[in-house]
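Analysis of the macromolecular model
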Protein chains: 2
Amino acid sequence: MKKVYIYLLSFSISVNAFAQDKKTTGAQLNKVKLDFTIDADGRPEYSVSYNQKSVIKPSRLGIKLLNDTGFDQHLQLISTETTDVDELWKPVWGEVSVIRNHYQQLTVHLKQADAPGRLMDIVFRVFEDGVGFRYVFPQQPNLRYFIVSDELSQFSLTGDHKTFWIPGDYDSNEYSYITSKLSQVDAWVPYKAATDIAVRVVPDQYAVQTPLMMKTADGLYINIHEAALVNYTSMQLHVDRASYLLSANLVPDALGNKAYMVAPGKTPWRTIIVSDKAADILSSKMILNLNEPSKIADPSYIHPMKFVGVWWEMQIGKSTWSYANSMTDVDANGNLKPSGKHGATTANVKHYIDFATKNGIGGVLVEGWNVGWEDWFGNWKEDVFDFAKPYPDFDVKELSDYAASKGVKMIMHNETSGSATSYERQMDTAFKFMNKYGYPAVKTGYVGKIIPRGEHHDGQWMIDHYVRVAQKAADHRVMLDAHEPVRPTGLSRTYPNWMASEAGRGNEYNAFSTGNAPEHETIMPFTRLMGGPMDYTPGIFKIKGYSDVPGRQVHTTLAKQLALYVTMYSPLQMAADLTENYEPHMDAFQFIKDVAVDWDDTHIIEAEPGDYITTARKAKGTDNWFIGAITNENSRNAVIPLSFLDKGKKYIVTIYADADNADWKVNPEAYQIHSYLVSDKTKLNIKLAKGGGAAISIKPAGADVKGLKMYK
Amino acid sequence: MKKVYIYLLSFSISVNAFAQDKKTTGAQLNKVKLDFTIDADGRPEYSVSYNQKSVIKPSRLGIKLLNDTGFDQHLQLISTETTDVDELWKPVWGEVSVIRNHYQQLTVHLKQADAPGRLMDIVFRVFEDGVGFRYVFPQQPNLRYFIVSDELSQFSLTGDHKTFWIPGDYDSNEYSYITSKLSQVDAWVPYKAATDIAVRVVPDQYAVQTPLMMKTADGLYINIHEAALVNYTSMQLHVDRASYLLSANLVPDALGNKAYMVAPGKTPWRTIIVSDKAADILSSKMILNLNEPSKIADPSYIHPMKFVGVWWEMQIGKSTWSYANSMTDVDANGNLKPSGKHGATTANVKHYIDFATKNGIGGVLVEGWNVGWEDWFGNWKEDVFDFAKPYPDFDVKELSDYAASKGVKMIMHNETSGSATSYERQMDTAFKFMNKYGYPAVKTGYVGKIIPRGEHHDGQWMIDHYVRVAQKAADHRVMLDAHEPVRPTGLSRTYPNWMASEAGRGNEYNAFSTGNAPEHETIMPFTRLMGGPMDYTPGIFKIKGYSDVPGRQVHTTLAKQLALYVTMYSPLQMAADLTENYEPHMDAFQFIKDVAVDWDDTHIIEAEPGDYITTARKAKGTDNWFIGAITNENSRNAVIPLSFLDKGKKYIVTIYADADNADWKVNPEAYQIHSYLVSDKTKLNIKLAKGGGAAISIKPAGADVKGLKMYK
């Protein structure tokens, strides 16, 4: 053994031998400034200001790897690049027909100071309305397949902002929004109360979902979300209620791992949209701009559309999805005995096809057409449905021919009950079935605990699954409306056949539970809809009286239901009610017939999250405009300047408004319809009832203006 | 507060208020006796004796449910039934052409004494060679979908038996067997040593796999396994080394749950085969008898066969599965650059087709034909292979036509790399591809960690998957040879297209690792093969010298390689070596050409696990017999009475034996071939070298007996 001599010297021992100079760089576009720093420990941080006011204080960045040296500290800044981009592009469908993508991009190239010296870039894009950033792993010799154990992205907020939030639930977005200060966030309160949500998993008491909407005391609006969520897991935000620091919480897989990645590769973008105008949040195109361009070479099969369907009647208990009362209700030959309450019968569907064709509605959705509904929910079954096997009273061929003869499209329904593995086994068969019978669109569902067991609706395996479904649908030229998936992040740019998703608390909650408060629809565009369209299923005319449960009703006026076709953007819009509830009100239904689902332009006239929204949109390829104005539980006057109209032209407005004594609770179905002449100089002033709204259609005045007065 | 008076009385408090009379019942068939008891706590127990000697001492039974009252105690015996069955049935293929199913069945109907009073039956079948039992859940109002959290089945052994075992590994059976006393079982020793096995998961230090083979000090042979493993998870056995008590260890899923069940439903059978003759263990038909009859209405596409293939050359490193050296080795157009070492080329495959047709071998297997091998293993990738996309140098159409023109069948290879979800998405495409190109059989593989992540090769989800694959193959009239699945449990009766599995340490281990000791093949029929045939891939003629690694070789003589075609039963048998290694020894290869793969009858002439096996089989529909005699590391004389031959007839035997100086280690390839005349009175006496064997073909002597002497 060697002798070791210890010399007593005065020296300092660094436990951590790593030390480097702090380095700072940045980027800017107009009012938005981004700063990036690598500190002495090699830890990367960023901050964001708007109009010289801090929005995000210095906040950490980084990625940790499972059982391996990560990218959280001891990083060296090797180099940076800055690029400026200003381009225009056209979406296949959308709120506008041309989108400007204007940003300054800063790429920082980082390298681990420790062995094995792996590389990671962080890419920032500074827009006029905020910042997006993501992590990029270049091709390199020492990194190939790896597992992300944690992401350290933080958003250090400057104060106890007013926040519109739902719990960070791994499996559901179907909560009502809570409006509170950041310091008051407690996810377990709504989690425990939401007994109307089937599958709820909220492990972190202080985690919230994105898109997260906030308003500072100074009147700055901030929205945090992610864009281009592919090949990764979903991000939620842990709230430190004392420091107002938000930290990324990645949704784990069955083993607790977060994301399985390969280099070269990249994470989704984390997005921070900021403005001093609430309307700018709604108009922001950052999330779409951060997504990859369309992968669909021939989008000629993709058509925004409206539809009716055999659906609300089951939600309100008037009929059933299932054919028989139960699985064991069989005859002597072992065949299911019809209960007589099945909704999806050939006759009933024909009735809806007739209504659709008579009223210019493009499609009919049918739920409950296929075998499996007697034993479908809550059993965590591997194999629930056969996606090519109709019930005996649903004649798929006859209905296919009938719809075609009437110029109406059938919309397929594929409810998976959460068994994604069963659906993947059947997808080829299911989509071939759709092609065979001429179904141009499918509504999918994931109601139930996920199989593969241990996975979550918002985990990476399911995120990959939803994309596989979109891709398979595209391969078969079918449009997709996904219910209960992960909330969207702008992928409708990349997969424009993926028209809409649910992933939020829809109008349906009014059918079977306490429903949605009047403020709900004034919040949703600031939150859920930031990532993409929602199939909200508005258009309920029989607001009350469809249920025996006391107090159960839709929590809006009828006029607000019409307005939602404009304020709740979607290229797929359902007129959700029963035909018998439309027939007494075909004057009001006229708005639904007329309203477009694809737009050249959109103006957010005025908006305040939780309070009101007024939106005007120009129907694609026309000179027609549609306006929707909605309010929360408070009555208000919506002042709507029509300055977006062409100058020097006259237009006819038809205003579908609340009746003077309308009220969402006591007199919701009272409406009034008036038409006037207007010009770009007109300012409409419409009284919205409590929980009310107004829907307005505007067309150029032709010769036919007899009897119409100028609006005043 | 009330006053409480405490009276001192002498009384006993039952913590557990439940108490009932003990009840006993039983069943018997000849030497095998089963006793069943419900004790005072309502706990069910059983015991088994053979020839009045205890085999299984009183052992617990029961099933526990997740978060619910289970079936482990407080059970009432409501009633019993006894049934006697004695029938014959014919398998589609097998070791024999007619199987007798003879048992006495005892059903005990149990009911929970506690609410909600659920029902469970335990069904025992007593055979001449042991007992099988399973749990049955009848249709009932208070039990529908449920989760099994544990199974309490025990096997209380009477002593420290000699045991042939491998670790209870959730993902692999590819260990060499260890022979030790029960008290010496330590699964972590082989677990840590087996660095040649890719994926190993052995959470319990004292758990062993089934089939478990034992021999008592009294010379009784006991084999424990399961039969009809469907809709449940796999059972392993925890060994209490002090009490010799074995307890069922069920393989968990990603969440730690064991099995997802529904009533009406049933578990697999737990089987205990017992005899005082080792040969009876090998002849037992209990496991097949406990399986459901064939589900395949038209088995006309199912043909036992032999095959050669492009495979061993990759195992010994002479060529590669992959086409390019790596994924990044691409040309200017992004196409993979051929390494020149790809095995599965059109030319090479044609060479094997030529060999097959010339030598009456039915099929050619090709591995490495499809895109994905450059990046396939160890990355836990979701999507690894495209099962319908050949490499550029594999012309699937040309080879399909060529094989057909030569009367040879192509055998498809679908390696999943463990990504079962990817395979399930592609199965329709993969099997249509097989049908299109005339592949009547597929070899599947699961080399790698399973996806869905968190699941195990031996867990319920994968067990259901293997059955889905067998069913899909049957739908497409394709035969299945599954590699790396769960070890078989007799399902080849129910799915006779599922010809063979690997699920064990095959001959291939000699190619790339320390290989298989000479005793290996004398153990495997007593263990792995009890549940079904193994695609062991014997027939290596170049025993040494195929590898640069010192000491690497096959650990048997060449003659033993031939004998394995008889002793290692499979309806699919590979002649695994390179054609250039057969060509110098076509005299020895004659045995492989002649040996049958389907049998009318089988006699186990003599056998001792770990030491030797001599098996004689009668080729189906002929008067020809084939015998295989093998030994372990010890040389021995195999004495083989031919009393099974027809009396009064003469036969020609051709004996492929070890040369006098053969030795598995130093002179393995030395063999001698002699032919003789024999009759049913003949007793062959053949010297087997160390690690040696003898293969014998016997056919009725026709007129052509010139020059042949009587054997003596």
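Residues numbered from 1 in each chain as written. Chains lettered and ligands numbered in written order. Predicted model: local features only at pLDDT ≥ 70, side-chain atom pairs only at ≥ 80, totals over all residues. Heavy atoms only, no water.

**Some points on the overall build of chain A**
When helices and strands are tallied, chain A shows 13 helices and 37 strands. Along the first, second and third principal axes, the C-alpha set of chain A runs to 100 × 75 × 50 Å. For chain A, with 712 residues in total, the buried portion stands at 63%. Long-range contacts, defined here as pairs at least 24 residues apart, represent 70% of the contacts in chain A between residues at least 6 apart. Per element, the accessible surface of chain A, about 25900 Å² overall, is 50% carbon and sulfur. (Helix = DSSP H or I, 4+ residues; strand = E, 2+ residues; numbered from the N terminus. Buried < 20%, exposed > 50% of the residue type's maximum accessible area, 1.4 Å probe, protein only. Contact = heavy atoms within 4.5 Å. Areas by Shrake-Rupley, 256 points an atom, 1.4 Å probe, with all protein chains shown as cover.)

**Quick notes on the interface of chain B and chain A**
Facing the 28 residues of chain B at the interface are 28 residues of chain A. Here chain B packs against chain A, burying approximately 2300 Å² in sum over the two surfaces, 56% of which is carbon and sulfur. Three residues stand out in chain B for area buried against chain A, namely Tyr145, Arg425 and Arg453 of chain B, and they jointly supply 27% of the buried area on that side. One can count four salt bridges joining chain B with chain A. Where Glu424 of chain B meets Arg425 of chain A, a salt bridge forms, and the shortest distance between an N and an O atom there is 2.6 Å. Joining chain B to chain A, the criterion identifies ten residue pairs in polar contact (both at pLDDT 80 or more). At the level of elements, strand 11 (145-151), helix 7 (420-436) and helix 8 (460-475) of chain B are the ones that each hand at least two residues to the side of chain B that touches chain A. (Buried area = accessible area lost by both parts, 1.4 Å probe. Salt bridge = Lys/Arg side-chain N within 4 Å of Asp/Glu carboxyl O. Polar contact = N/O pair within 3.5 Å; in protein donor to acceptor, adjacent residues only side chain to side chain.)

**Considering the pairing of strand 34 (residues 651-658) of chain A**
All names here are of chain A. For strand 34, the buried fraction is high: eight of the eight residues fall into the buried class. Note: strand 34 against strand 35 (residues 671-678), eight bridges, orientation antiparallel. From the neighbouring strand, Ile655 faces strand 35, where its bridge partner is His674. Pairing between strand 34 and strand 37 (residues 693-700): seven bridges, direction antiparallel. Bridging from a neighbouring strand, Ala657 pairs with Ala694 of strand 37. (Pairing = 2+ DSSP bridges.)

**What about the packing of helix 5 (residues 346-358) of chain A against helix 6 (residues 396-405) of chain A?**
All names here are of chain A. Running from N to C, helix 5 and helix 6 point in directions that differ by 10 degrees, and their axes come no closer than 10 Å. With respect to helix 6, the axis of helix 5 lies roughly parallel. On helix 6, the residues that touch Thr346, Val349, Lys350, Ile353 and Asp354 of helix 5 are Glu398, Leu399, Tyr402 and Ala403. Residues of the contact of helix 5 with helix 6, tallied by class, amount to five nonpolar, one polar and three charged. (Axes fitted to C-alpha atoms, helices over the stretch in contact; angles between N-to-C directions. Parallel < 35°, antiparallel > 145°, perpendicular 65-115°, else oblique. Nonpolar A, V, L, I, M, F, W, Y, C, P; charged D, E, K, R; others polar.)

**Some thoughts on the relation of the copies chain B and chain A**
After a rotation of 180 degrees and a shift along the axis of 0.0 Å, chain B superposes on chain A with an RMSD of 0.0 Å. The two molecules are tied by a two-fold rotation axis, judged by turn and shift. The rotation axis passes nearest to the C-alpha of Arg425 of chain B in chain B, at a distance of 2.6 Å. (Least-squares fit on C-alpha atoms with pLDDT ≥ 70 in both.)

**Quick look at the sheet that holds strand 1 (residues 23-29) of chain B**
Backbone hydrogen bonds hold the strands of a sheet together, and the pairing may be parallel or antiparallel. Residue and element names in this part refer to chain B. Strand order in the open sheet made by the eight strands is 1-2-3-4-12-19-18-15, with antiparallel pairing throughout. This sheet does not close on itself; its edge strands, each paired only once, are strand 1 and strand 15 (207-208). The pairing of strand 1 with strand 2 (residues 32-38) spans seven bridges and is antiparallel. Directly across from Leu29, in strand 2, lies its bridge partner Val32.

**Details of unusual backbone geometry**
All names here are of chain B. In this model, Thr210 is joined to Pro211 through a cis peptide bond whose omega is -5 degrees. Mapped onto the elements of the fold, Pro211 is located in the loop between strand 15 and strand 16 (212-215). If you check the backbone angles, Ala228 has positive phi at about 60 degrees while not being a glycine. Considering the arrangement of structural elements, one finds Ala228 in the loop between strand 17 (221-227) and strand 18 (235-240).

**Quick look at the sheet that holds strand 20 (residues 259-262) of chain A**
Residue and element names in this part refer to chain A. Strand order in this open sheet of four strands is 6-5-11-20, and the pairing throughout is antiparallel. One side of each edge strand has no neighbouring strand; the edge strands of this open sheet are strand 6 (68-71) and strand 20. With direction set aside, neighbouring strand axes in the sheet form an average angle of 35 degrees. Of the pairings in the sheet, the one linking strand 5 (residues 63-65) to strand 11 (residues 145-151) comprises three bridges and is antiparallel in character. By the bridge assignment for strand 11, Leu65 is matched with Val148.

**Examining the packing of aromatic side chains**
This model, assessed by the stated rule, comprises 70 aromatic pairs over all chains. On the basis of an interplanar angle of 85 degrees and a centroid distance of 5.5 Å, the ring pair of Tyr260 of chain A and Trp380 of chain B is categorised as edge-to-face. With Tyr260 of chain A in strand 20 and Trp380 of chain B in the loop between strand 24 (363-366) and helix 6 (396-405), the pair connects residues from two separate chains. The exposure class of Trp380 of chain B is buried, given its relative accessible area of 16%. On the basis of an interplanar angle of 75 degrees and a centroid distance of 6.4 Å, the ring pair of Phe541 of chain B and Phe589 of chain B is categorised as edge-to-face. Taken together, the residues span a long stretch of sequence, with Phe541 of chain B in the loop between helix 10 (520-523) and helix 11 (558-567) and Phe589 of chain B in helix 13 (residues 586-594) at a distance of 48 residues. For the pair shown, Phe541 of chain B and Phe589 of chain B are each scored as buried. By way of ring pairs, the aromatic residues Trp321, Trp373, Trp376, Phe377, Phe385, Phe387 and Tyr423 of chain A are connected into one cluster. Between Lys350 of chain B and the ring centre of Tyr402 of chain B, over which it is positioned, the NZ or CZ distance is 4.9 Å. Between the NZ or CZ atom of Lys449 of chain B and the centre of the ring of Trp380 of chain B, over which it lies, the distance is 3.9 Å. (Phe/Tyr/Trp six-rings, centres within 6.5 Å; stacked < 30°, edge-to-face > 60°. Lys NZ or Arg CZ within 6 Å of the ring centre and 35° of its normal.)

**Looking at helix 7 (residues 420-436) of chain A**
Residue and element names in this part refer to chain A. Given a rise of 1.5 Å per residue, 17 residues ought to cover 24 Å, and the 23 Å separating the end C-alpha atoms of helix 7 matches this to within 8%. Approximately 60 degrees is the largest bend angle found in helix 7, and it occurs at Gln426. Counted residue by residue, helix 7 has 13 buried out of 17 residues, so it is predominantly covered. Immediately beyond the C-terminal end of helix 7, within one or two residues, lies Gly438, with a positive phi of roughly 70 degrees. (Expected span 1.5 Å × (residues − 1). Bend = angle between axes of the 7 residues up to and from the residue.)

**Comments concerning the pattern of salt bridges**
Pairs can form between side chains of opposite charge whenever their charged atoms are close. All names here are of chain A. Summed over the entire model, instances satisfying the criterion amount to 65 salt bridges over all chains. Measuring nitrogen to oxygen at the nearest pair gives 2.8 Å for the salt bridge that ties Glu226 to Arg487. Here the residue Glu226 occupies a position in strand 17 (residues 221-227), and Arg487 occupies one in the loop between strand 27 (479-482) and strand 28 (498-501), the gap between them amounting to 261 residues. No difference in accessibility class separates Glu226 from Arg487, as the two residues are buried.

**Side note on the side chain of Gln154 of chain B**
With respect to the helices, strands and loops of the structure, Gln154 of chain B is situated in strand 12 (residues 154-157). Leave out the neighbours within four places in its chain, and Gln154 of chain B touches Tyr46, Ser59, Arg60, Leu245, Leu246 and Ser247 of chain B.

**Quick look at the UniProt feature "domain: Glycosyl-hydrolase 97 C-terminal oligomerisation" (unreviewed entry) in chain A**
Under the local residue numbering, the UniProt record ascribes the feature "domain: Glycosyl-hydrolase 97 C-terminal oligomerisation" (unreviewed entry) to residues 598-699 of chain A. Secondary structure across residues 598-699 of chain A divides into 0% helix and 59% strand, with the first and last C-alpha atoms of the span separated by 16 Å. (UniProt positions renumbered as here; feature names shortened; annotations may be inferred.)

**Observations regarding the nonpolar core**
All names here are of chain B. Counting residues in each nonpolar core, the largest one holds 201 residues, and the members touching the most others are Phe36, Tyr46, Phe124, Phe137, Phe155 and Val364. Element by element, the count of residues in this core is highest for helix 8, at nine residues. Apart from residues no more than four positions distant in its own chain, Val364 is found in contact with Phe307, Val308, Gly309, Val349, Tyr352, Ile353, Ala356, Val408, Lys409, Met410 and Ile411. (Core = buried A, V, L, I, M, F, W, Y, C linked by side-chain atoms within 4.5 Å.)

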